[in-house]
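Descriptive structure summary
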Amino acid sequence: MRQLVTCILAFGSNLGDRENTIGAACAELMAAEGIHSVRPSPLHESVAVTLRGPDPDIPPYMNAVAEVTTDRGPEELLDLINRIEVQYGRVRTERWGSRTLDIDIITYGGRMVQTERLTVPHPHAFERDFVLRPWLDLDPHAVLMGHGRVAELLEIIERGWAS
Ligand SMILES: Nc1ncnc2c1ncn2[C@@H]1O[C@H](COP(=O)(O)OP(=O)(O)OP(=O)(O)O)[C@@H](O)[C@H]1O
Ligand SMILES: Nc1nc2c(c(=O)[nH]1)N=C(CO)CN2
């Protein structure tokens, strides 16, 4: 049997029926070959962050993360989430543009992955409150490899907003 790895996946949606899409994507994952468990966080709504910064004039996102155990390799997991994104209507237009569904691999066990298609841990996770907040709901002791405790990373972001 192949090795089981625990991963954190992040979900975002700002078009269509956001809650349903994220719920359906989790169910789809659960049913997929090589996925052993999926433990989703609560949903959080957040202002859309674009390449120009937060933009309250475009539809807000619903975000969640899930702890997933899998025997898929990192790129096999990416293939699966890309398939689910397409299934739920994802069209790639601009970077950080609006979308029905985005799924990112935040962590893959304790491994660093750097290939043409994949960078893990996700390079923007440490600065994304919309990833860190639901992750903290799932695991108050969570640590993001290379950056430290998720609770502290979130505090740093929130302190930045207050100043
Ligand atoms: N950790 C990762 N999780 C998901 N995709 C990744 C990751 N690292 C690299 N990629 C690559 O990024 C490509 C583009 O992803 P995508 O269009 O979702 O970017 P984005 O959502 O606009 O930006 P971001 O990745 O910063 O959230 C994917 O096709 C995938 O090959
Ligand atoms: N609030 C919020 N903003 C975003 C999100 C997201 O999931 N939530 N995803 C993006 C690209 O991955 C770009 N901006």
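Look above for the structure.
For every chain, the first residue of the written sequence is number 1, and numbering continues from 1 along that sequence. To label them, take the chains in the order written and letter them from A, then take the ligands in the order written and number them from 1. Note on the predicted model: pLDDT of at least 70 is required for a residue's local features to be given, and 80 or more for side-chain atom pairs to be given and counted; whole-chain, interface and lining totals, by contrast, use all residues. Just so you know, side-chain values use all the structure's heavy atoms and leave hydrogens and water out.

Note that Thr 21 resides in helix 1 (residues 18–31). Contacts are assigned to residue pairs with any non-hydrogen atoms lying within 4.5 Å of each other. Sequence-distant contacts of Thr 21, that is, excluding residues within four places in its chain, are made with Tyr 88, Thr 100 and Leu 101. Helix numbering and strand numbering both begin at the N terminus, where a helix is a DSSP run of H or I of at least 4 residues and a strand a DSSP run of E of at least 2.

Attention shifts here to the environment of Tyr 108. By secondary structure assignment, the location of Tyr 108 is in strand 7 (residues 102–108). Three exposure classes are used, based on accessible area relative to the maximum for each residue type with a 1.4 Å probe and protein chains only: buried under 20%, partly exposed in between, and exposed over 50%. For Tyr 108, a relative accessible area of 4% puts it in the buried group. Taking the C-alpha atoms as reference, Tyr 108 lies 6.5 Å from Thr 6; in sequence the two are 102 residues apart. The contact partners of Tyr 108, leaving out residues within four places of it in the chain, are Val 5, Thr 6, Cys 7, Thr 70, Arg 72, Gly 73, Pro 74, Leu 77 and Val 120. At 2.7 Å, the side chain of Tyr 108 forms a polar contact with the backbone oxygen of Arg 72. Two N or O atoms form a polar contact when they lie within 3.5 Å of each other; inside protein one atom must be a possible hydrogen donor and the other a possible acceptor, and for residues adjacent in sequence the pair counts only when both atoms belong to side chains.

A word on the environment of Thr 115. Secondary-structure assignment places Thr 115 in the loop between strand 8 (113–114) and strand 9 (119–120). Under the relative-accessibility criterion, Thr 115 is labelled partly exposed at 32%. Note: C-alpha distance between Thr 115 and Glu 75 (40 residues apart in sequence) is 9.0 Å. In terms of polar contacts, Thr 115 uses its side chain to reach the side chain of Glu 75, at 2.6 Å.

Where helix 3 (residues 129–138) meets helix 4 (residues 150–162), the axes come as close as 9 Å, and the angle between the chain directions of the two elements is 135°. What the angle tells us is that helix 3 and helix 4 run oblique. Handedness of the crossing formed by helix 3 with helix 4: left-handed. Here Asp 129, Leu 132, Arg 133, Trp 135 and Leu 136 of helix 3 come into contact with helix 4, specifically with Val 150, Ala 151, Leu 153, Leu 154, Ile 157, Glu 158 and Trp 161. Three categories are distinguished: nonpolar for Ala, Val, Leu, Ile, Met, Phe, Trp, Tyr, Cys and Pro, charged for Asp, Glu, Lys and Arg, and polar for the others, with Gly belonging to the last. Its residues assigned to classes, the contact of helix 3 with helix 4 shows 9 nonpolar, no polar and 3 charged. Axis lines are fitted to C-alpha atoms, over the contacting stretch for helices. Their N-to-C directions set the angle, which ranges from 0 to 180 degrees. Throughout, the term roughly parallel applies to angles under 35 degrees, roughly antiparallel to angles over 145, roughly perpendicular to angles from 65 to 115, and oblique to all others. Handedness of a crossing follows from how the near helix is turned relative to the far one, being left-handed for an anticlockwise turn of less than a right angle and right-handed for a clockwise one.

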